[in-house]
Amino acid sequence: GGCPCRVPSLATAPSKGGGSAGGTGRQRAAAMGHKSLQTQGLLPSVVKGCRGAAPRKGPGLAEPLAPPPAEPDASAAVAWAAMTPVQEVANALTMLPIAVLAIHVLSKPWISAGARLVAISVLMHNPFSILYHASCAVNYQKVHPLEGNPLLKLDLAFIHVAGSILSLATSGSLAYFVVMLLFNSVCIYFVATWRCSKSVRRCLRCCCFLGYLVPVARVDCVLCAQMLGVFLAVAIIFVLNEQLAGWGHALSHLLLFPFTQCLLHAGGHVTVFAWM
């Protein structure tokens, strides 16, 4: 029942009938056996093999414990957007009404220069927004909708491009347009390099909005208040997209229709462009 690799002990108990001479002889023999094993290099391997032997299986003997499962790598997990492909299609389709409105405005020969620029700015941004949302629907959970998405960068960048044009459409000032163009160029750089947080990008878009809202206050305070109210409604619904089960994005797009109408009215006050 003992270990087959056990080496005889150096201290051997004397036999019942033997004297000290017999015990001494047995001790010498055991010591010589130890030296022989050490000389041949067998003693360490024998002891190691005995200690490292696999546990025996049988009644009353515990099974060896399996190693614990590896923890999942949280950094490798991908956080997908809460919107479904159907909702992304809705996001794309709800951008079409303002595109139709802009095309209708451009078809009128008597439209003012400011209103014409408003329609052009809408059509410059609109295709990139539709393309981005359509891509999210087609490539659902294949391409991340936020991180490293070039179509999202184009969508956000052309919001600032349109904002620069709108600042000219509502102010009629070329100098003011240059200032807003420089500001929005910096914003586009931040979007292209993705060097700022989502909150910062939203703040920059709000500043872009203020850039073409402030000139309206000089000519029509009521219209300016209407634009501000509609914009706040768009922004609040957009931010509450998750609370609205993913439908807030499409609803905010629908509210862009009355917002664009306000912009067209604001652009209607501008007939010529000057440096002052």
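Overview of the structure. Since this is a predicted model, take the numbers as computed values, not measurements.

A few words now on the packing of helix H9 (residues 221-239) against helix H11 (residues 256-267). Put simply, H9 and H11 touch, their axes get as near as 9 Å, and they point 155 degrees apart. If you check the angle between H9 and H11, you find them roughly antiparallel. Of the two possible hands of crossing, H9 and H11 adopt the one that is left-handed. Between H9 and H11, the contacting residues are Leu223, Gln226, Met227, Val230, Phe231 and Val234 on the first element and Leu256, Pro258, Phe259, Cys262, Leu263, His265 and Ala266 on the second. Residues of the contact of H9 with H11, tallied by class, amount to 11 nonpolar, two polar and no charged.

Next up on the list: H9. Here H9 contains 19 residues, and its C-alpha end-to-end distance of 27 Å stays within 8% of the 27 Å for a straight helix at 1.5 Å per residue. Residues of H9 that are buried include every one of Leu223, Cys224, Met227, Val230, Phe231 and Val234, and no others. Taken around the axis of H9, the buried residues stretch over an arc of 135 degrees, which confines them to a single face. H9 presents Cys221 and Val222 as exposed residues on the side facing more than 90 degrees away from its buried surface. Against helix H8 (198-219), helix H10 (248-254) and H11 lie the buried residues of H9. Between a side-chain oxygen at the N-terminus of H9 and the backbone nitrogen of valine 222 the separation is 3.2 Å; the capping residue is aspartate 220.

All right, on to the packing of helix H4 (residues 96-106) against helix H5 (residues 113-138) then. Axis separation between H4 and H5 bottoms out at 9 Å; the angle between their running directions is 145 degrees. Between H4 and H5 the crossing geometry is left-handed. Contacts from Leu96, Ile98, Ala99, Ala102, Ile103, Val105 and Leu106 in H4 reach Ala115, Arg116, Ala119, Ile120, Val122, Leu123, Asn126 and Ile130 in H5. For the contact of H4 with H5, the class distribution of residues is 13 nonpolar, one polar and one charged.

Right, let's talk about helix H6 (residues 150-171) for a bit. When the terminal C-alpha atoms of H6 are compared, their 32 Å separation across 22 residues agrees well with the 32 Å that a helix rising 1.5 Å per residue should span. Most of H6 sits inside the fold, with 16 of its 22 residues counted as buried. N-capping of H6 is provided by asparagine 149, with a side-chain oxygen placed 3.0 Å from the backbone N of leucine 151. Of the residues one or two after H6, glycine 172 is the one with positive phi, at around 75 degrees.

Below, the discussion takes up the packing of aromatic side chains. Counted under the stated rule, the structure contains six aromatic pairs. With a centroid separation of 5.9 Å and 55 degrees between ring planes, the pair formed by tyrosine 189 and phenylalanine 190 is classed as tilted. For phenylalanine 190, a relative accessible area of 29% corresponds to the partly exposed category. Ring plane angle 45 degrees and centroid distance 5.9 Å describe the contact between phenylalanine 209 and phenylalanine 259, whose orientation is recorded as tilted. One end of the pair, phenylalanine 209, is in helix H8; the other, phenylalanine 259, is in helix H11, and 50 residues separate them in sequence.

What counts as what
Residues numbered from 1 in each chain as written. Predicted model: local features only at pLDDT ≥ 70, side-chain atom pairs only at ≥ 80, totals over all residues. Heavy atoms only, no water. Axes fitted to C-alpha atoms, helices over the stretch in contact; angles between N-to-C directions. Helix = DSSP H or I, 4+ residues; strand = E, 2+ residues; numbered from the N terminus. Parallel < 35°, antiparallel > 145°, perpendicular 65-115°, else oblique. Left-handed = near helix turned anticlockwise from the far one by under 90°. Contact = heavy atoms within 4.5 Å. Nonpolar A, V, L, I, M, F, W, Y, C, P; charged D, E, K, R; others polar. Expected span 1.5 Å × (residues − 1). Buried < 20%, exposed > 50% of the residue type's maximum accessible area, 1.4 Å probe, protein only. Arc of directions from axis to C-beta. Polar contact = N/O pair within 3.5 Å; in protein donor to acceptor, adjacent residues only side chain to side chain. Phe/Tyr/Trp six-rings, centres within 6.5 Å; stacked < 30°, edge-to-face > 60°.

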